[in-house]
Amino acid sequence: MANSRTVLTFAPSPLGCSSSSAAEFVPPSPSDGELLRSLHRLARDLSAAAAAAETPTPLLRAALASITRRSKLLAAAFDDLLMCAAAAGDLPRSASLCLRESDEIEEEVRELHQDLATLLDLLPVAELGLAEDVVDLLELASRQCRRFAPVAGAEQALKARVLSLIQGIEREIVPERERLEEILGEVGVNDAASCSDEIESLEREIGDRASERWTDAMIALVGLLRYAKCVLFSATPRPSDSKPDPEVDEEGEPPAPPPDFRCPITLDIMREPVVVASGQTYDRESIARWFDSGKSTCPKTGQVLTVLELVPNKALKNLIAKWCRENGVAMESTEASKSEPAQAVSANKAALEAARMTASFLVKKLSISFSPDAANRVVHEIRLLSKCGPDSRAFVGEAGAVPLLVPLLYSEDAGLQLNAITALLNLSILEANKKRIMHAEGAVEAVAHIMNSGATWRAKENAAAAVLSLASVHTYRRRLGRNVSIVEKLVHLVRTGPASTKKDALAALLSLAGERENVGKLVDAGVAQAALSAVSEEETAAAVLAALAKRGGADAI
């Protein structure tokens, strides 16, 4: 998270109200260096205070001596960690998350100070007959405990205002633009970039389960920030979001990912990296298939595994996601999948209503966007929203996005074209949206146009993936299989496209080949020859040939 502003993370209170509406902010998240220096000072001061304390009883003397020893050990450890962090940069993410539990301790200490100040105020000092200097000491202790009060008061006021916004959203009350602007301005969220950074930070913490007891509250806040980003900053993406697709050369391959990002089994970029007992990392889907086939060894090392448990490699997943964003590489299987945070949104009233308001706002804005630049900003946000789970896809579809996206597939603006086809791909994961796309005037023809004349290979690849998604419905599979243009364009992608595009085109043809009445048209379009030419590169090509042979295409093969 950014360190120059208050971070909008908050936690549910122990009150008997809903977790999303009874919320408290967490103090700003410091950098790793600041965190270590703070912990080092705390351990050093605690050691000195315990050593200097007067000990009225032997039992307390032993306890304080124990605290002194442990604090000295911790101070030495933090001192060494500070030197390591200075030399190597940030700590490993797992270590950073572990040490950040100190945030909870800080909040508990703050509450303890306030409770102690209240106790001292209520103490009947006049009735106790205490010496004057002791009374002065108690007053000094009370004042010192109250030092936290102004900060806490300011935080509480901010919490109350955000809480009011979220409660209003739960009641389907659209937040006022001025209130959003004022609150976000106070915490330093002043543009699309800082808002996007805040959303990503919250989503990482939700995914990492770093603050699991705050998950519901953070999900509600993500929904509010998404809406605020669209309303306040005109859906303007960050520069890194709006960079042109790197695949400007039609003959070029997409940028190659680092070897460590590839699954050792499939050699494809990993979508859900997991660690097995041998310490090796694989893509979840690939290693699960390996184990399901009856094998109990590590594919890379050959080591026999007594435990087949898969542990998510969240740090690597974040690195892969960052690399994909920076290099314009889409992770569409991840975009289209239903993640755990997306499932949690379904149970979160504030997040649901915020998503509904965001979808409605974006679709209305798209309907009056007349320039490619304005439309691209809005479609980019629709693309992001439509990957956030089934509820968000439903809201975007119900708001009427599909008929507005279809004409944009013919845009000469490469970024707008890519965002539009990717948004349709994400929307198509939902069954109701499949129907909306297949019944939208000119939608199938527009998808065929992208596969044939798309500005980038990524756009063509996503168009093929959209065909695969739509073909999962029996009636649409028949309709697409009868469409000569769709089949011919898929065959062309298999013959001429880079590896990732070829793979999606073959997967779409495999789905179409699952319908017997499609086989004749597939054979006539040259699917058998195209699959044979790719059989040494893609496993899916062999599956296409098998599907054709099984349903009457053996002679052609």
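Residues numbered from 1 in each chain as written. Predicted model: local features only at pLDDT ≥ 70, side-chain atom pairs only at ≥ 80, totals over all residues. Heavy atoms only, no water.

Visitor: Explain helix α20 (residues 431-439) to me, please; I cannot follow it from the model alone.
Guide: Since the α-helix advances by 3.6 residues per turn, residues separated by three or four positions end up pointing in the same direction. Along α20, the residues that are buried comprise Asn433, Lys434, Ile437 and Met438. Viewed along the axis of α20, the buried residues span an arc of 135°, placing them on a single side of the element. Facing away from the buried surface of α20 by more than 90 degrees, the exposed residues are Lys435 and His439. As for α20, its buried residues are in contact with α17 (390-398), α18 (401-405), α19 (414-427), α21 (443-453), α22 (457-470) and α23 (474-481). (Buried < 20%, exposed > 50% of the residue type's maximum accessible area, 1.4 Å probe, protein only. Helix = DSSP H or I, 4+ residues; strand = E, 2+ residues; numbered from the N terminus. Arc of directions from axis to C-beta. Contact = heavy atoms within 4.5 Å.)

Visitor: Sorry if this is basic, but what is going on with a nonpolar patch on the surface here?
Guide: A cluster of nonpolar side chains, Leu123, Leu128, Leu130 and Val134, forms an exposed patch at the surface whose accessible area comes to about 280 Å². Within the element layout of this structure, Val134 appears in helix α6 (residues 132-145). (Patch = residues over 30% accessible without salt bridge, like charges linked within 9 Å, V, L, I, M, F, W, Y side chains within 5 Å. Areas by Shrake-Rupley, 256 points an atom, 1.4 Å probe, with all protein chains shown as cover. Salt bridge = Lys/Arg side-chain N within 4 Å of Asp/Glu carboxyl O.)

Visitor: How do you make sense of the sheet that holds strand β5 (residues 311-312) when you look at a structure like this?
Guide: The strands that make up a sheet are held in pairs by hydrogen bonds between backbone atoms, and each pair lies either parallel or antiparallel. Taking strand neighbours across the sheet as the criterion, the three strands line up as β4-β3-β5 in an open arrangement whose pairing is antiparallel. Sheet topology places β4 (281-283) and β5 at the edges, where each strand pairs with a single neighbour. In this structure, strand β3 (residues 273-275) lies alongside β5, joined through two bridges in antiparallel fashion. The residue of β5 that forms the bridge with Val274 is Pro312. Of the strands in this sheet, β3, β4 and β5 are in contact with helix α11 (residues 284-292), which crosses β4 at around 95°. (Pairing = 2+ DSSP bridges. Axes fitted to C-alpha atoms, helices over the stretch in contact; angles between N-to-C directions.)

Visitor: Please explain the pattern of salt bridges as it appears in this structure.
Guide: Any two side chains of opposite charge can pair, so long as their charged atoms come close to each other. Scanning all chains against the criterion turns up 15 salt bridges. The salt bridge involving Glu172 is made with Lys349; its shortest N-O contact spans 3.7 Å. Of this pair, Glu172 sits in the loop between α7 (149-170) and α8 (177-186) while Lys349 sits in helix α15 (residues 349-367), placing them 177 residues apart in sequence. Given a relative accessible area of 52%, Glu172 falls into the exposed group. In this structure, Glu461 and Arg458 form a salt bridge, with 3.0 Å as the shortest nitrogen-oxygen distance. With Glu461 and Arg458 both in helix α22, this residue pair falls three residues apart, about one helical turn.

Visitor: Please explain the nonpolar core as it appears in this structure.
Guide: A general tendency of soluble globular proteins is for nonpolar side chains to be buried together. Membership of the largest hydrophobic core comes to 71 residues, with the highest contact counts inside it found for Leu405, Leu480 and Leu490. Aside from chain neighbours lying at most four places away, what touches Leu405 is Leu366, Val379, Ala420, Ala423, Leu424 and Leu427. With 31 residues, the next largest nonpolar core counts Val162, Leu180, Ile183 and Ala354 among its residues. (Core = buried A, V, L, I, M, F, W, Y, C linked by side-chain atoms within 4.5 Å.)

Visitor: How should I be thinking about a negative patch on the surface in this particular structure?
Guide: A surface patch of like charges, here negative, comprises Glu132, Asp133, Asp136 and Glu139. Summarising the element assignment, Glu132 is placed in helix α6. Since its relative accessible area comes to 66%, Glu132 is described here as exposed. (Lys, Arg positive; Asp, Glu negative; His and termini not counted. Charge placed at Lys NZ, Arg CZ, Asp CG, Glu CD.)

Visitor: Looking at this structure, I do not really get the confidence of the model for the chain. What am I missing?
Guide: Low-pLDDT portions of the prediction should not be read for the details of their coordinates. Of all residues in the chain, 75% attain a pLDDT of 70 or more, and the chain-wide mean is 78. Ranking the elements of the chain by mean pLDDT puts strand β2 (residues 23-25) last with 40 and α18 first with 96. Below pLDDT 50 for its whole length, residues 332-340 participates in 20 contacts with residues either more than four positions away or in separate chains. (pLDDT = per-residue confidence, 0-100.)

Visitor: Mind showing me how you'd approach helix α25 (residues 499-512) here?
Guide: Here α25 contains 14 residues, and its C-alpha end-to-end distance of 20 Å stays within 8% of the 20 Å for a straight helix at 1.5 Å per residue. Along α25, the residues that are buried comprise Thr501, Lys502, Asp504, Ala505, Leu506, Ala508, Leu509, Ser511 and Leu512. The elements touched by buried residues of α25 are α22, α23, α24 (484-496), α26 (519-524), α27 (527-534) and α28 (539-553). (Expected span 1.5 Å × (residues − 1).)

Visitor: Teacher, can you tell me more about the environment of Asp79 here?
Guide: When you line up the elements, Asp79 lands in helix α2 (residues 58-88). Of the residues examined, Asp79 reaches a relative accessible area of 37% and is grouped as partly exposed. Distance from Asp79 to Leu39, taken between C-alpha atoms, is 9.4 Å for residues 40 residues apart in sequence.

Visitor: Would you mind showing me how to read the packing of α24 against α27 here?
Guide: For any two helices packed against each other, one specifies the crossing angle of their axes together with the interaxial distance. In contact at an axis separation of 9 Å, α24 and α27 are set at 20° when each is read in the N-to-C sense. In terms of orientation, α24 lies roughly parallel with respect to α27. As for the relative orientation of α24 and α27, their crossing is left-handed in sense. Along the contact surface, α24 presents Val487, Val491, Val494 and Arg495, while α27 presents Val527, Gln529, Ala530 and Ala534. Classifying every residue of the contact of α24 with α27 gives six nonpolar, one polar and one charged. (Parallel < 35°, antiparallel > 145°, perpendicular 65-115°, else oblique. Left-handed = near helix turned anticlockwise from the far one by under 90°. Nonpolar A, V, L, I, M, F, W, Y, C, P; charged D, E, K, R; others polar.)

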